[in-house]
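Residues per chain are reported as follows:
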Amino acid sequence: MKHISQESIDKAIGVIDELNDGQLERVFATYAKEQATLLDYAMTAPMEYENEQLEGLLVYYFCLICECFSQEGIKAGNISQDDIEAHQGPYFEMLEEYFENNDEEVIDSYVDQPNLAKFMAIEVSTEDDDGTSLSDETASQLFIVCLSMISLLNHSTSEE
């Protein structure tokens, strides 16, 4: 399995962060069309967690994660509802083990995208350039949902 490099993550950030609102909407529409089921799955989190702040964050990170795969030249397959259902049990077992033991190797072995997982861990735990930071609850929720998206995309991939 090909891993997403830090260089591809940096390029993806450069691409997504330089977009104006209209351009971001077009990129979002493209990725949303390619991964409609995955996006629907991720966007249930704000309602399930009763956290409206997650919605905008998930749109941004959905685009960023998809762009990371694109920058690395990894073609993700179309995620189906069956893929999500098969993923959920083992994913939540992995999370439980991670939170019990605080063992990042558990995440790395399951998600199998160590650079992207580490990037997300740093993203949710550090302040933005303007000094704002996420609440612990929002940071944990965002991390859980983004890791799930990464894992689903990674398990559906084929190299171009």
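This section reports on the structure supplied with the text. (Residues numbered from 1 in each chain as written. Predicted model: local features only at pLDDT ≥ 70, side-chain atom pairs only at ≥ 80, totals over all residues. Heavy atoms only, no water.)

### Some remarks on the environment of His155
By the element assignment, His155 lies in helix α9 (residues 136-155). As for His155 and Gly77, which are separated by 78 residues in sequence, their C-alpha atoms are 8.6 Å apart. Setting aside anything within four residues of it in sequence, one finds His155 in contact with Tyr110 and Val111. (Helix = DSSP H or I, 4+ residues; strand = E, 2+ residues; numbered from the N terminus. Contact = heavy atoms within 4.5 Å.)

### Brief notes about the packing of aromatic side chains
What the rule picks out here adds up to six aromatic pairs. Pairing Phe28 with Phe62 gives two aromatic rings, centres 6.1 Å apart and planes at 75 degrees, and the pair type is edge-to-face. You can see Phe28 sitting in helix α2 (residues 21-34) and its partner Phe62 sitting in helix α5 (residues 53-72), a full 34 residues away along the chain. Note on Phe28: relative accessible area 22%, which makes it partly exposed. For the pair Tyr60 and Tyr61, a centre-to-centre distance of 4.8 Å together with 85 degrees between the ring planes defines the contact as edge-to-face. Here Tyr60 falls in the partly exposed class, since its relative accessible area comes to 23%. Residue Tyr61 is classed as buried on the basis of its relative accessible area, which comes to 7%. The rings of Tyr91, Phe92 and Tyr110 are connected pair by pair, giving a single aromatic cluster. (Phe/Tyr/Trp six-rings, centres within 6.5 Å; stacked < 30°, edge-to-face > 60°. Buried < 20%, exposed > 50% of the residue type's maximum accessible area, 1.4 Å probe, protein only.)

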